[in-house]
Amino acid sequence: MATFAIQPLRICLRSMFSKIQFPLYCLFPLLLISGVITAQQRDSSQTLRPLTKSFTDTTKTKADSTRDSSFVRIDTLNLKISRDTLDAPVKYDAADSAILLIDSGMFYLYGKAKIKYLQLDLAASAIEIDNNKQIARAYFTKDSLGNVIDRPKLVDGDMESESDSMFYNIKTQKGLTKSTYTKQGEMFVYASRIKKIDAESFYASQGRFTTCNLDTPHFAFRAPKMKLVNNKWAYSGMAYPEFESVPIPVGIPFGIYPLSSGRHSGLLPPQFTATEQFGLGLEGLGYYKVLNEYFDMMLRTNIYSYGGYTLNLSPSYRVRYKFNGALRLDYQNTRINFKGDPDFTNSKTYNISWNHAMDSKARPGVTFSANVNFGSTQYNQYVPNNPNINFRNQVYSSIQYSKTWGDGQYNLSATGNHSQNNQTGQYNVSLPNVNFTVNTFYPLRQKEPVRPERWFEKLGVGYNTQILNQFSFFDSDTPYIKYNIGEIIDTMQWGAQHNIPIALPLPPVGPFQMAPSISFQERWYGQRIFRQWNDSRKKVDTLIQKGFYRAQEINTGFSINTAIFGTLNFKNGKRMQALRHVIRPSVGINYKPDLAGKYFYETQVDSLGNTLRFSQFDGNIIGSFGEGKFGGMSFGLQNNFEAKVRDKKDTSANATKKIKIIDNLSINSAYNFIVDSFQLSPFNIILSTTLFDNINITGATTLDPYKVNQFGRRINEYVWSDGFSLGRITNGSLAISTRFQSKKKEEVKEKTGSDDFRDFTTLEEEQAQMDYIRNNPAEFADFNVPWSLDVSYSLNFARQPKPDYSGFETRVFSSVNLRGDFNVSPKWKMGGSAFYDLNTSELQQVTMFISRELHCWQMSINVVPVGPYRSFNISINPKSAILRDLKVNRSRFFYN
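In this report, we go over the structure that sits alongside the text. (Residues numbered from 1 in each chain as written. Predicted model: local features only at pLDDT ≥ 70, side-chain atom pairs only at ≥ 80, totals over all residues. Heavy atoms only, no water.)

1. Topic: the pairing of strand E23 (residues 279-292)
- Across three bridges, the pairing between strand E21 (residues 266-268) and E23 is antiparallel. Bridge pairing links Leu-267 to Tyr-287 in E23.
- Of the pairings in the sheet, the one linking strand E22 (residues 271-275) to E23 comprises five bridges and is antiparallel in character. Counted as the bridge partner of Ala-274 is Leu-280 from E23.
- Pairing of E23 with strand E24 (residues 295-304), which is carried by nine bridges, proceeds in the antiparallel orientation. Each bridged residue has a counterpart across the sheet, and for Leu-282 the counterpart in E24 is Ile-303.
- Between the end of E23 and the start of E24, which pair antiparallel, lie two residues. (Pairing = 2+ DSSP bridges. Helix = DSSP H or I, 4+ residues; strand = E, 2+ residues; numbered from the N terminus.)

2. Some details on the pattern of salt bridges
- Under the definition given, this model contains 22 salt bridges.
- Glu-602 is paired through a salt bridge with Arg-613; the nearest N and O atoms lie 3.9 Å apart. Remark: Arg-613 occurs in strand E39 (residues 611-615) and Glu-602 occurs in strand E38 (residues 600-604); sequence separation between them is 11 residues.
- Through salt bridges that share partners, Arg-151, Glu-162 and Asp-164 make up one connected network. (Salt bridge = Lys/Arg side-chain N within 4 Å of Asp/Glu carboxyl O.)

3. Quick word on the packing of aromatic side chains
- One pass over the structure, following the stated rule, counts 31 aromatic pairs.
- On the numbers, 5.2 Å between centres and 90° between planes, the contact of Phe-219 with Trp-857 is edge-to-face. Placement of Phe-219 in strand E16 (residues 219-229) and of Trp-857 in strand E51 (residues 857-866) is noted, with a sequence separation of 638 residues between them. Considered together, Phe-219 and Trp-857 belong to a single accessibility category, that of buried residues.
- Ring geometry for Tyr-599 against Phe-617: centres 5.1 Å apart, planes inclined by 55°, an arrangement best described as tilted. With Tyr-599 in the loop between strand E37 (576-592) and E38 and Phe-617 in the loop between E39 and strand E40 (630-646), this pair connects stretches of sequence that are 18 residues apart.
- With relative accessibility at 14%, the residue Tyr-599 sits in the buried group.
- Of the residues examined, Phe-617 reaches a relative accessible area of 3% and is grouped as buried. (Phe/Tyr/Trp six-rings, centres within 6.5 Å; stacked < 30°, edge-to-face > 60°. Buried < 20%, exposed > 50% of the residue type's maximum accessible area, 1.4 Å probe, protein only.)

4. With respect to the layout of surface pockets
- Counted as a void, the second largest pocket has a volume near 1100 Å³.
- Of the residues in the lining of the second largest pocket, the class split is nine nonpolar, 12 polar and nine charged. (1 Å grid on protein atoms, 1.4 Å probe; cavity = no way out; pocket = protein on both sides within 12 Å on 5 of 7 lines; lining within 4 Å. Points joined across faces, edges and corners; volume = space filled by probe spheres on them. Nonpolar A, V, L, I, M, F, W, Y, C, P; charged D, E, K, R; others polar.)

5. Brief notes about unusual backbone geometry
- Pro-432 follows Leu-431 through a cis peptide bond whose omega is -10°.
- Along the polypeptide, Pro-432 turns up in strand E31 (residues 426-441).
- Residues other than glycine seldom take positive phi values, yet Asp-407 does so here, at roughly 55°.
- With respect to the element layout, Asp-407 can be found in the loop between strand E29 (394-405) and strand E30 (410-421).
- Note on Asp-407: relative accessible area 87%, which makes it exposed.
- Even without a glycine there, the phi angle at Ser-841 is positive, about 55°.
- Along the polypeptide, Ser-841 turns up in the loop between strand E49 (828-837) and strand E50 (842-854).

6. Let's talk about the nonpolar core
- Of all hydrophobic cores here, the largest spans 22 residues; its most connected members are Met-187, Phe-209, Phe-219, Met-226 and Leu-228.
- Mapped onto this core, the elements with two or more residues apiece are strand E14 (187-196), strand E15 (201-210) and E16.
- With residues up to four places along the chain from it excluded, the contact list for Phe-209 reads Met-187, Phe-188, Val-189, Ala-220, Phe-221, Ala-223, Met-226, Ser-236, Ala-239 and Tyr-257.
- Membership of the second largest hydrophobic core comes to 20 residues, among which are Tyr-92, Ala-113, Ile-115 and Ala-124. (Core = buried A, V, L, I, M, F, W, Y, C linked by side-chain atoms within 4.5 Å. Contact = heavy atoms within 4.5 Å.)

7. A short note on a nonpolar patch on the surface
- Residues Phe-740, Trp-787, Leu-789, Phe-822, Val-824, Trp-828 and Met-830 make up a contiguous nonpolar surface patch of about 630 Å² in total accessible area.
- Elements with a contribution of two residues or more to the nonpolar patch: strand E47 (787-801), strand E48 (808-825) and E49.
- With respect to the helices and strands, Trp-787 occurs in strand E47.
- Residue classification places Trp-787 among the partly exposed positions, given a relative accessible area of 40%. (Patch = residues over 30% accessible without salt bridge, like charges linked within 9 Å, V, L, I, M, F, W, Y side chains within 5 Å. Areas by Shrake-Rupley, 256 points an atom, 1.4 Å probe, with all protein chains shown as cover.)

8. Examining the side chain of Asn-433
- The topology assignment puts Asn-433 in strand E31.
- By relative accessible area, which is 6% here, Asn-433 ends up buried.
- Separated by 2.8 Å, the side chains of Asn-433 and Ser-430 make a polar contact.
- Of note is the side chain of Asn-433, whose polar atom sits 3.2 Å from the backbone nitrogen of Asn-469.
- Excluding residues within four positions of it along the chain, Asn-433 makes contact with Ser-413, Ala-414, Thr-415, Asn-417, Ile-467, Leu-468 and Asn-469. (Polar contact = N/O pair within 3.5 Å; in protein donor to acceptor, adjacent residues only side chain to side chain.)

9. Thoughts on the environment of Ala-596
- With respect to the helices and strands, Ala-596 occurs in the loop between E37 and E38.
- Between the alpha carbons of Ala-596 and Ser-624 there is a distance of 8.3 Å; along the sequence they are 28 residues apart.
- Those residues within four positions of Ala-596 in sequence are excluded, and the remaining contacts are Gln-552, Phe-625 and Gly-626.

10. Some remarks on the environment of Gly-157
- Counting through the fold element by element, Gly-157 comes out in the loop between strand E10 (153-156) and strand E11 (159-162).
- A C-alpha to C-alpha distance of 6.7 Å links Gly-157 and Leu-120, two positions 37 residues apart in sequence.

11. What about the environment of Ile-129?
- Mapped onto the elements, Ile-129 comes out in strand E6 (residues 120-130).
- Taking the C-alpha atoms as reference points, Ile-129 and Tyr-168, 39 residues apart in sequence, are found 9.6 Å from one another.
- In this view, Ile-129 contacts Gly-105, Met-106, Phe-107, Ile-115 and Ile-135; residues no more than four positions away in its chain are not counted.

Without other data, these values stay purely geometric and don't point to any function.
Printed below as a string of C-alpha cells:
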C-alpha cells in the first residue's frame, strides 16, 4: 500500500509547498497512509473519491501451472462505494493557506477561499469543510481596522446570496445562513435567517423585500415569515411597508409575489379613479389565464358608481414558426352622470379587433394576415383619457390571403376590407376582392439559350385582373338613419378590370433608352348612374340602373429617356468644392382612341343653365375611363442637386462630404395634338428635400395653364395670354417637419428581446401602447436626453365643386404640431404638446406633463387643459414590473 501511494504523495507535496492551489485528490494519499482511508478509486474522467470500506479478496485461490500455488490474486475492481460519496469532484482554491486535519477529517481554507461542486460556487474569507458530514461552513473576517472582508457568497444554480455566515450540506443541498441578502428576479430580499430546505425552496425569518437595489432601500416590505421558490414565487404572511426605514402602520394580511418572467395565471389588480362623468370607479380589474403553451386569455373590466361598466376579453395565440395573433372583444355600457340628471347619457357600444400574422417560413409562397377593427361608431368617443382614439373618425380593417407559384410568375390574392366613418355612421365593406397577376413573360425568348439574345426576344407580356365587391350600411345607433336588409342589398356594387401590358425595350442608342409599349384595359360594371336636372325641385336627381356593363381603353406609346450630368467645380481652398446637377428628361409619344366617349353626357347643374359632363360609370367601385382622344406627347424633367463641401470635422487635406440640396424636383405634363381645345395638360410639380440633415420638406402642386370664368369653370384660353404667368394653382400640399434635441448624456445599450409568449404584440396592441405613451408621456420620460423639440407643419388645399354644382370653392386645411420636453434638473422633466388649427385660429388640443425620477419610483403628472376631452392625472408608482400595480393614482376627466 505504501508503494501504491508514495508517487502521488511526492507530486502533491511539491504542489502544496509551491502554490496553495491543488486538486482534491492530493489529500487522499495522506489519508491513505494514515489509515483513515484504506481504499481509493481512479477513473479516466474524475478525480479520486474517498471510500470508507477496505479491499476484500473476491477471488478464490487456485493453482497455476506456471506459478507457485501459494500465489494469491486480489481483485481490485470490485469496490464497495460508500453511500455518502459525492457525485462529482470538489474543486477548491485559497489565497492564504489550506490546513488538513487527518484525524478529524476537517479541511480549512483561508484567504479568498473558494469551493466548487457541480453548479454550486461558494466563496468567503474562510471556509471549513467537514469531510465526514460533508458540510461546508463559511465566514467573513475583519482586517486590523475592523472592516469586513469577503462576506460569504453562494451561487447555487439561479440563486445568488450573500451572508454573514453560512452552513451548507454539499450532499443534500440544505443549508442555513444568517444576515443574508439574495436577489430573486427583480426582488431584493434580506433576512436575518434563511433556511434552505431543497434545491428550489427556502424559508426566511424577519425578512425584508424590495425592488430598490440600494443597501438601505427607499422602500421595502417587512414580514416576520417568508417562503421563496427560486425565481418563481414568493409568499409572505402579514407584511408592513416602510419608506426611508420609517414603518407605515398599515399592513397587508398576506402577499403572493410572482418572481418569474414567464407566463402564469393570476388576478389583475385594479386602480381607483374618480370622474365627474362616470363617478367613482375601479379600472383594470381582471384575470389572466394561461390555457396551454399556445393559448392564453385576459379578461378585464371597469366598474363605475353611476352604473357604467366596460368588459374586455382578449385571447391570444401563438405557434412558433407558424402563426400568431390576438382577438379583442370590448363592450361598453357608458353612463355619464347619474340617472335623473339633465345631462344623463346612456350608451351601449362594442368593438371587435383581430390581428393575425403568418410566419413566412411556415408555407413559403403563401401568406395570410388580418388586421380587423370593427365596432360601434360611438365607441371611440367614450374611451376615457385617450384623445388619440377619441379624435379617430376613420376606422379600417383588412384581411388578406396571397399565394405565389411558378417561381414567382403567378400571384393570386384575396382580400376583405372594411372602413367606417364615425361621424356619419356609414360602413363600407368590400369583400371578396380578388387580384390575379401574371408577371411579365417573354414568349419569343429561347427556352434554352444557345446564342446571344436578340432585340425582339425582349418582348414582354403581362396580365392583371382585379375583381371588387362592396356594400354599405349605417350604424343602427345613429338616431336619424333607419335601414333594412333590402336597402343594404341596394348599395351592393361590383366591378372588375383587366389589363394586358406589352413592352419591348430596344437596345440603347448612345445615351438614350427607348421602349415602345401598348396596353389594353377592360372594365366591367354592375351599375351605371344618370344625373338629370329637376326643374320643379331645382336640383339634380340621380338615377341608378343595375346590370352588366363594359368599357374598354387602348393606350400605345413610345418613350425615350436619358440622364444629363453637370458639375461646377470651385477654386481650391473654398469650403464648397463642387456643385452637381443631374437632369433626367423623358419624352413619350402616346396615342389613345376615344373608346369611352360614348359613356359621357352633359347635364344642367343649376338654374342658370350651367352644365357639367359626367360619365355613366362615375361613383362605381371602379372608376371610369377618361373621355376624349389623345394623340400627343408627354414630357417630364426630374432634377437632383448635390454639393461637395469640405468636412470641418476631418482635418485631412482631401476630406469632403456630400450634402443633398434637392432630393427630387420633378415636372410632368402632356400636349394633345388631335383635340381642338384644352390641348395642354396641367403641370404636376413635386419637391422633396432634407435641409441640414434635419428639416424634411415635401411639397406637391398642380398648375392649370387655362383660365376660368366667373363660375370657376375652365375656358380655352391660356393664363399667360394677358401677361407672364406660370399657371393657375388648383391644388397642392406642403409638409415640413424637424426635430431638435441635445446630445445624450450617455449611450444606453438596447435590451434584447426574449422569446416569451406575450412578447409578441399585434398591430392593435402596438397602436394601443403608442396611444398610452402619447397620453402619458410623463411615465416614459427619457432623462438621458436633456431637451428635445419636434415641430411639424401641414398644408393641404384643393379646388372642389360646390355641393349644389353652382361653382367651385377652394378648401384649405393647415395645422401646426409642437411637441417637446426639457430637464429642469437631473431628476425633473417637463414637456408638452400642442395642436393649432390655422383654419380656425384656435388651439385644438394642449397636453402637458411633469415627471420626477425617484430612483426606484417615478412620479408622473399628465394634464390636458385644452380640448374636447380634458383630463388630469397624477401617478406615483414603482418602476419594477413586479409592483407595477402598487401605485397611487388620481385621475379626473372633463367632457364637453
